[in-house]
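Commentary on secondary and tertiary structure
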Amino acid sequence: MSILRFHAIKESLAYKPIKIEATERQSVLFGKNVFNENTMRQYLTKDAFVGVMNAVQFGKKIDRNIADQVASSMKDWALSKGVTHYTHWFQPLTGSTAEKHDAFFETIGGGMAIEKFGGSQLVQQEPDASSFPSGGIRNTFEARGYTAWDPTSPAFIYGTTLCIPTIFVAYTGEALDYKTPLLRALHAVDDAATAVCKYFDKNVKKVTSSLGWEQEYFLIDKMLAASRPDITMTGRTLLGHSSAKGQQLDDHYFGSIPNRALNFMRDLETECMLLGIPVKTRHNEVAPNQFELAPIFEEANLAVDHNSLLMDIMGRVASHHNFKVLLHEKPFAGVSGSGKHNNWSLSTDTGINLLAPGKTPMSSLQFLTFFINTIKAVHENEALLRATIASAGNDHRLGANEAPPAIISVFIGGQLTKVLEELEGVTKGKLSPQEKTELKLNVVGKIPDVLLDNTDRNRTSPFAFTGNKFEFRAVGSTANCGNPMTVLNTIVAKQLTDFKKEVDILINKKDLKKDEAVFNVLREYIKSTKAILFDGNSYGEAWEKEAKRRGLSNNKTTPEALKAKISKKSISLFEEMNVMSEIETKARYEIEVEAYIKHIQIESRVLGDIARNHIVPTAVKYQNILIENVRGLKEIFEEKYQGVAKEQINLIEEISNHIEGINVNVVKMIAERKSANNFIDIEERAEAYSKKVRALFDDIRYHCDKLELLVDDELWPLTKYRELLFTR
Ligand code: ADP
Ligand code: MG
């Protein structure tokens with residue numbers, strides 16, 4: 001094993017960065033491998049083009065004849081680019097993307113063959129659903145599932161395969177993927193937001209939800225990563241003493257990007273450009289060997305697809321540069337973990353960002369309406385929002401001593417807080433002309449200026465307003481953004497629907513003017529949602545206490561947090577908004593609880609294995625060397641040896657103590673695992689894995705890490721933190 005470690009270090013030091021060839025300008029590369037609007041204009045007949053655009057923009061159905069034409073043109077385009085296969089590309093609930101490739105090639109008898117791709121193959125495929133998680137839907141219903149074309153996300157070419165983004169559903173119609181509920185949520189928020197927009201502008205026909213994600217990741221030398229069984233099996237280090245230098249000096253953040261990493265990024269960016277992923281920002285992150293990549297924001301469904309695609313191609317490009325990408329939320333103890341900020345906003349087909357104040361008082365009131373409704377949606381559903389980002393990996397960030405905390409709160413900054421305070425004083429019922437003028441000119445009308453010099457930034461908040469968007473920062477780096485985006489858009493859709501009802505009642509029953517009614521409802525919202533607003537430091541214990549007093553939930557582990565997903569309130573929310581049926585909601589819950597159990601189970605097995613089969617034997621080996629040494633000293637110094645060999649004897653004893661510590665805890669962990677596995681009920685099993693099995697990880701790690709400091713470096717089998725984090 002130690003041989004592997006030193007071999008890996010030698011190899012990684014000898015690595016010569018690959019030369020990156022100059023490419024065309026990014027603007028030229030952009031979307032070259034995408035069947036986008038531009039390509040469709042060239043390849044499709046007018047009818048087909050209009051058909052697809054109507055589907056994209058207005059959700060219209062594409063008829064069979066049009067689908068045939070689109071398929072045929074897609075095939076021609078793909079063949080012209082050397083493509084041989086096609087696949088439906090989807091996002092099952094495993095967390096990765098799935099593909100099943102079929103060749104265009106078909107025989108037609110007489111020893112002849114052609115390339116064929118028809119509408120039916122474009123529109124629908126039947127991958128075997130039985131090997132994907134279904135959370136019981138499969139048992140209740142049929143095993144079969146199918147994928148269906150999502151024309152709102154354009155087909156793309158990856159390698160020599162034409163990939164067609166699709167949804168994945170059971171034959172009985174239940175969603176088995178991330179995309180299906182997301183599309184339903186986007187539809188719900190479009191309907192609800194468009195209806196509210198009509199108070200302000202009758203011309204609005206559609207509201208689109210946007211997402212700009214920021215992907216954090218670690219880049220580790222491939223050989224070094226491969227030398228660690230924990231990284232290979234779990235994507236993170238389960239043990240390892242922190243290196244003397246970590247991120248204390250803050251010298252990595254925004255520092256110059258190491259050459260080899262830069263080459264990887266350039267290659268990755270080229271791939272992204274070809275696939276139409278508009279990546280724009282790249283920089284070093286806080287921890288050594290940690291980086292971030294962010295695109296220009298896009299329509300949410302497309303952005304989610306692009307992030308899933310990105311996570312996939314990152315791994316492939318990294319391998320080419322002898323790197324392994326670690327997307328795990330916490331690959332290394334003691335240095336920052338990785339997240340994926342989800343920047344979110346809503347905009348109209350008339351080109352207005354509803355989360356940016358406009359130029360006129362009326363458009364600023366529209367902004368306030370969406371701003372306050374979002375706050376209220378988060379307030380009403382904070383536990384559900386926390387649940388959507390819960391995973392075994394993200395537990396290391398949320399609820400551990402890292403940003404952001406497990407408590408969901410909203411940061412809006414001092415200036416907007418003041419605006420809300422003023423609005424709280426709005427008169428109940430009808431407003432006098434003076435009050436209206438005053439509000440419009442001096443409160444609402446001043447918002448654009450207020451925001452202009454709003455340099456308020458709070459890095460500790462899990463959900464922050466950042467000038468023209470909300471930034472959901474608690475999302476984990478491995479997450480499929482479809483999950484948080486589904487929930488965020490659903491809760492906002494529900495909130496806007498309720499808002500519209502309340503305003504309409506005031507208009508119709510109380511005879512209030514539109515703006516008066518809006519002011520009245522918003523005033524009450526401001527009063528009732530104060531608990532969720534927090535501008536202070538979200539990390540400290542003080543906030544935990546304060547949040548508890550305010551009645552906010554603080555679910556630190558995944559099993560606790562996930563429960564909010566199947567509360568009566570959440571189930572009826574998803575049903576009412578037509579996002580998920582009760583069966584779908586419960587199935588997802590089950591899948592996520594099971595995924596949690598499996599993660600901890602695997603980590604526990606790997607940790608037990610490394611501790612006992614790698615660490616203990618190494619410690620014994622070194623101990624034997626010390627014992628030999630003491631024997632020799634005894635021979636030479638005779639009765640005086642005890643003084644001379646004092647340190648060695650202490651060390652021998654210390655090593656024994658740690659070996660004991662490891663063995664006792666590993667035995668305990670195995671017993672806990674066994675008894676956890678005996679629970680039939682998955683909630684009980686998850687609880688046992690969280691409270692009993694995982695609880696022992698730290699003790700085992702503690703003794704292993706102590707041994708790392710005691711045992712001769714030459715013998716140590718596992719590549720150390722300093723080697724993983726500082727070899728470039
Ligand atoms: P940070 O300071 O948080 O690192 P960046 O500017 O690096 O912010 O990233 C912000 C992200 O937010 C980018 O992906 C950007 O495209 C996205 N973004 C900007 N405006 C909007 C918007 N209106 N809606 C959604 N996302 C947006
Ligand atoms: Mg950010």
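Analysis parameters
- Residues numbered from 1 in each chain as written.
- Chains lettered and ligands numbered in written order.
- Predicted model: local features only at pLDDT ≥ 70, side-chain atom pairs only at ≥ 80, totals over all residues.
- UniProt positions renumbered as here; feature names shortened; annotations may be inferred.
- Helix = DSSP H or I, 4+ residues; strand = E, 2+ residues; numbered from the N terminus.
- Rg over C-alpha atoms; globule rule 2.2 N^0.38 Å.
- Buried ≥ 20, exposed ≤ 12 C-beta atoms within 10 Å, placed from the backbone.
- Near = placed C-beta within 6 Å.
- Nonpolar A, V, L, I, M, F, W, Y, C, P; charged D, E, K, R; others polar.
- Domains from an automatic or database assignment.
- Contact = placed C-beta atoms within 7 Å.
- Expected span 1.5 Å × (residues − 1).
- Arc of directions from axis to C-beta.
- Axes fitted to C-alpha atoms, helices over the stretch in contact; angles between N-to-C directions.
- Parallel < 35°, antiparallel > 145°, perpendicular 65-115°, else oblique.
- Left-handed = near helix turned anticlockwise from the far one by under 90°.
- pLDDT = per-residue confidence, 0-100.
- Pairing = 2+ DSSP bridges.

Per an unreviewed UniProt entry, the protein is named Glutamine synthetase III, and its organism is Algibacter agarivorans. According to the UniProt record, the Sequence similarities (unreviewed entry) comment for the protein is "Belongs to the glutamine synthetase family."

It is worth spelling out the overall build of the protein at this point. Within the protein, the secondary structure is distributed over 28 helices and 17 strands. The globule rule puts the C-alpha radius of gyration for 728 residues at 27 Å, and the 29 Å found for the protein is close to it. Here the C-alpha coordinates of the protein stretch approximately 105 × 80 × 55 Å along the principal axes. Residues classed as buried in the protein amount to 48% of the 728 residues present.

G212, F297, N343, S345 and K469 are the nearest of the 15 residues found near ligand 1. Of all the secondary-structure elements, those providing two or more residues to the shell around ligand 1 are β9 (207–221), β11 (290–295) and β14 (340–348). Take the shell around ligand 1: its biggest share by element is four residues, from β14. Of the residues belonging to the shell around ligand 1, the class tally is five nonpolar, eight polar and two charged.

So, about the domain arrangement of the protein. Considered domain by domain, the protein is made up of domain 1 (31–177), domain 2 (187–233 + 247–580) and domain 3 (595–726). Centre-to-centre, using C-alpha coordinates, domain 2 lies 42 Å away from domain 3. Contacts between domain 2 and domain 3 engage 14 residues on the former and 17 residues on the latter. Of the residues assigned to the side of domain 2 that touches domain 3, the class counts are eight nonpolar, four polar and two charged.

As a further point, take helix α4 (residues 46–58). For α4, with 13 residues, the first-to-last C-alpha span of 17 Å sits near the 18 Å given by 1.5 Å per residue. A48, G51 and V52 are the residues of α4 that are buried. Down the axis of α4, the sector holding all buried residues measures 90 degrees, keeping them to one side. Turned more than 90 degrees from where α4 packs its buried face, K46, D47 and F58 sit exposed. Along its buried surface, α4 packs onto α3 (37–43) and α5 (64–79). Within two residues after α4, G59 carries a phi angle of roughly 65 degrees, on the positive side.

If you check helix α19 (residues 514–528), its first and last C-alpha atoms are 22 Å apart, about what 15 residues at 1.5 Å a residue would give, namely 21 Å. The set of residues buried in α19 consists of E516, A517, V518, F519, N520, V521, L522, Y525 and I526. Of the surrounding elements, those touching the buried residues of α19 are α13 (361–380), α15 (413–424), α16 (433–444) and α18 (482–509).

Checked against the element boundaries, N33 lands in the loop between α2 (26–29) and α3. For N33, a count of 24 C-beta atoms within 10 Å puts it in the buried group. Each C-alpha atom, one on N33 and one on P462, is 36 Å from the other, the two residues being 429 residues apart in sequence. Excluding anything up to four places from it in sequence, N33 contacts F156, I157, L274 and L275.

So, on to the environment of A479. Following the sequence through the fold, A479 ends up in the loop between β17 (470–472) and α18. Here A479 falls in the buried class, since 26 other C-beta atoms lie within 10 Å of it. Counting along the chain gives 145 residues from A479 to G334, while the straight-line C-alpha distance between them is 22 Å. Apart from residues lying up to four places away in sequence, A479 is in contact with K340, I389 and P484.

Turning to the packing of helix α8 (residues 179–197) against α18, a few remarks are in order. The angle between the axes and the distance between the axes are what describe a pair of packed helices. Axis separation between α8 and α18 bottoms out at 8 Å; the angle between their running directions is 30 degrees. Judged on the interaxial angle alone, α18 and α8 are roughly parallel. Like other packed secondary-structure pairs, α8 and α18 cross with a definite hand, here left-handed. Within the contact between the two elements, α8 uses K179, P181, L182, A185, L186, A188, V189, A192, A193, A195 and V196 and α18 uses G482, M485, T486, N489, T490, V492, A493, L496, T497, F499 and K500.

Turning next to the confidence of the model for the protein. Overall, the prediction assigns the protein a mean pLDDT of 93, with 97% of residues at 70 or greater. The ipTM value of the predicted complex is 0.96, and its pTM value is 0.96.

Turning to the environment of G145, a few remarks are in order. Along the chain, G145 turns up in strand β6 (residues 145–149). According to the C-beta neighbour criterion, G145 is buried, with 26 such atoms within 10 Å. Sequence spacing of G145 and I62 is 83 residues, and the spatial spacing of their C-alpha atoms is 21 Å.

Counting buried residues along β14, nine of its nine residues qualify, which places the element largely inside the surrounding structure. Neither face of β14 is left uncovered, since the one carrying K340, N342, W344, L346 and T348 and the one carrying H341, N343, S345 and S347 both have all their residues buried. Two elements, β9 and β14, share nine bridges in a ladder whose sense is antiparallel. In the strand pairing of β14, E214 is matched with H341. As judged from the three bridges shared by β14 and β17, these two strands associate in the antiparallel manner. By the bridge assignment for β17, N342 is matched with F472.

Its identity as a non-glycine residue notwithstanding, N322 has a phi of 55 degrees, on the positive side. Along the chain, N322 falls in the loop between α12 (300–320) and β13 (323–326). For N322, a count of 19 C-beta atoms within 10 Å puts it in the partly exposed group. With a phi angle near 55 degrees, N578 is a residue other than glycine that sits in the positive phi range.

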